[in-house]
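Here is how the chains run, residue by residue.
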Amino acid sequence: MISAAQYLSELKKVLGRDSRPFIKKALEKVGSGLANEGDKRYLIVAPTGYGKTDLTFYMSLRVLHSESFKLIAAYPMRALLEDQKRKFEGLNFLPPSFLGVRYMGNPVELAAYYFSTPIVLTTIDTLSLTSVGVSPEDYYKVYDNDRPGHYLFSKGLVLMSEFVLDEAHLEYDVSKSFTYLAFLSRLAKDFDRPLLLLTATLPRSFVDATTRLLGFRKENVLQFSREDDIDFVERRKGKKYSFEIRKFMERKPEDIRSCFRDGKRKLVVFNTVSEAVEFYRNLKDVGSKVLLHSRFVTEDRSKKLKQMKEMESGIVVSTQAIEVGIDESFDELITDIAPANSLVQRFGRFLRKGEESGNACVWVDINSFSHGRYKGIYDEGLVKRTLEFLKKRESEIGKDYTLHVGYEDLLDHVYTEPPNIDQSYLERLISAFREVIDSTRAKKLIEDYVSLVRDDVLVEVEPINRNDILVPMDLSEAERKCTSVICGDKTYDCGNLGSHPWEEKIDSIISRRCYIKVNMSYDGELGLS
């Protein structure tokens, strides 16, 4: 057996650098725990930009040296997954056949069907389906009860895996995703599988829920503190920036531009794709500019990330797609208000690297609170408590108080309630998993819930001006923009998509046999809009 110290030494050679002090401490703790009997579930909380990805590389080395059969690294967003894939490929320490990628719509040549490669990068959506035996690439085979091999194979490979869930705080946001996390945590404990949850933003109420509701041992909850890396904390606190909050009744594009200062690289973050596209269209005479959101095909998204990385000066206009896994730094951040977790992640792209000063502006569209939501996306209470805290500390932020480190009091002010586990849903997940041969319970589970982790469902849609691409979109919006639903040689009127035969609706969600045609256009610069 290879010792934790030997793995750390090899990891240093792979990365060409040392891991940061707290990450080394976490790696030693995890390495020691994996080598001995006991609970192998860990929660690791460290600041944005601190190098938590080193833990995933460490777990990959275990597979490379045959001390682990398989690693599944799951991510909440495609953008983060794609960024991690580039990092793996850039380090070039794995044989090509070791690494596979699996998510909705990724090219066939990249797909680790059934999670069959030793190391799999996937989305939490795809992991959730595969863990109950419904591998997305051939759901229709699982639906055919006389072919149980696909069903058993998918579950079996999940059971033999070790797990890393990056940006795990996003699974705490709603009851459904947190309940699935409770299910996966229970599998890890019952079958003695390592499970690492990585995050930068977890309030005290969520940390407590990890031990009280998920059953993690307190000694396996590793949280960064100032004493773990005083130099890092002081350098982050040494970055100074101007900060202001703007409130708009009827916001115009020039209102956002009035926040601009003389920074070289500006990041403007909107909460909706439509707002981001509109603002980007109106940007004139600004030099280089890049638009980034979730509705690009993989090839175009990769081009934009490359363009952003090479851009010495200019403006990036984005949505929440910038929040996680994008290792870029800007000296100006202009952003719509969002709950504290999201806002801290956005600030994680601001003064992330060598910059020592900059400008930050948070705006609020006062008339966008409605029916308990802000922009129809975020919980109104979370947004208002975030705004309340920022207003109270507005004169200190960027001077004596920073949103780069030491923001726990902001998180604790906003997230006062722990996440909830839906016990009925949890029991159904467990029941579906325990069903060994017959996949009826798994199919019924998906029939009732469609997505096992999201309140909304990610589907693939075809734009009106292209018939050669499919683009990801939330089902609720796809229904509003729908012109037809195409399943093989059958075409349906849109109506209520829920009235279609359920197996065809599921196909439109987790396989590529059906898709929704929408009254929207696509181009490589603007995406689907």
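The structure displayed is predicted, hence computed values, not measured ones.

Definitions and cut-offs
Residues numbered from 1 in each chain as written. Predicted model: local features only at pLDDT ≥ 70, side-chain atom pairs only at ≥ 80, totals over all residues. Heavy atoms only, no water. Helix = DSSP H or I, 4+ residues; strand = E, 2+ residues; numbered from the N terminus. Buried < 20%, exposed > 50% of the residue type's maximum accessible area, 1.4 Å probe, protein only. Pairing = 2+ DSSP bridges. Axes fitted to C-alpha atoms, helices over the stretch in contact; angles between N-to-C directions. Right-handed = clockwise from strand over helix to strand, strands pointing away. Parallel < 35°, antiparallel > 145°, perpendicular 65-115°, else oblique. Left-handed = near helix turned anticlockwise from the far one by under 90°. Contact = heavy atoms within 4.5 Å.

Enquirer: Help me understand unusual backbone geometry, please; the structure alone is not making it clear to me.
Expert: Of all residues except glycine, most have a negative phi; of all peptide bonds, most are trans. We note that Asp 192 has phi near 55°; this positive angle belongs to a residue other than glycine. Tracing the backbone shows Asp 192 in the loop between helix H8 (175-190) and strand E6 (195-199). The partly exposed category is assigned to Asp 192, whose relative accessible area is 38%. For Asp 285, which is not a glycine, the phi torsion comes out positive at approximately 55°. When you line up the elements, Asp 285 lands in the loop between helix H12 (273-281) and strand E10 (289-292).

Enquirer: Honestly, the pairing of strand E2 (residues 71-75) in this entry has me stumped. Any pointers?
Expert: Two faces belong to every sheet, and in a regular strand the side chains alternate between them. Burial analysis of E2 places five of its five residues in the buried class, which makes it a mostly covered element. Burial of the side chains of E2 extends over both faces: Leu 71, Ala 73 and Tyr 75 are buried on one face and Ile 72 and Ala 74 on the other. As defined by bridge partners, E2 adjoins strand E4 (residues 119-123) across five bridges and the pair is classed as parallel. From the neighbouring strand, Leu 71 faces E4, where its bridge partner is Ile 119.

Enquirer: Hey, could you run me through the sheet that holds strand E17 (residues 458-462) in this one?
Expert: Across a sheet, strands are paired by hydrogen bonds formed along the backbone, either parallel or antiparallel in direction. Read across the sheet, five strands follow the order E18-E17-E21-E19-E20 without closing on themselves; strand pairing throughout is mixed. In the strand order of this sheet, the two ends are held by strand E18 (471-474) and strand E20 (490-492), each with one partner. The sheet shows a mean angle of 40° between the axes of neighbouring strands, direction not considered. Sheet analysis places E17 next to strand E21 (residues 514-518), joined by two bridges and oriented parallel. Bridged to Glu 462 within E21 is Lys 517.

Enquirer: Help me understand helix H14 (residues 340-347), please; the structure alone is not making it clear to me.
Expert: Helical periodicity: at 3.6 residues per turn, an α-helix aligns residues three or four positions apart in one direction. Across the eight residues of H14, eight count as buried, placing the element largely inside the fold. Three or more residues of H14 are buried, namely Ala 340, Asn 341, Ser 342, Leu 343, Val 344, Gln 345, Arg 346 and Phe 347.

Enquirer: Is there a simple way to explain the pairing of strand E12 (residues 332-336) in this structure?
Expert: Counting buried positions along E12 yields five of five residues, so the element is predominantly enclosed. By the alternation rule, side chains of E12 split into Glu 332, Ile 334 and Asp 336 and Leu 333 and Thr 335, which are all buried. As judged from the four bridges shared by strand E9 (residues 265-269) and E12, these two strands associate in the parallel manner. Within E12, the position partnered with Lys 266 by the bridge is Glu 332. In this view, the connection linking E12 to its parallel neighbour strand E13 (residues 357-365) by way of H14 has right-handed handedness.

Enquirer: Please explain the packing of H8 against helix H17 (residues 423-434) as it appears in this structure.
Expert: Helix packing geometry: the angle between the two helix axes and the distance between the axes. Axis separation between H8 and H17 bottoms out at 9 Å; the angle between their running directions is 45°. Relative to H17, H8 is oriented oblique. The element H8 and its partner H17 pack so that their crossing is right-handed. Judged by residue contacts, Lys 176, Thr 179, Tyr 180, Ala 182, Phe 183, Arg 186 and Leu 187 of H8 engage Tyr 425, Leu 426, Glu 427, Leu 429, Ile 430, Phe 433 and Arg 434 from H17.

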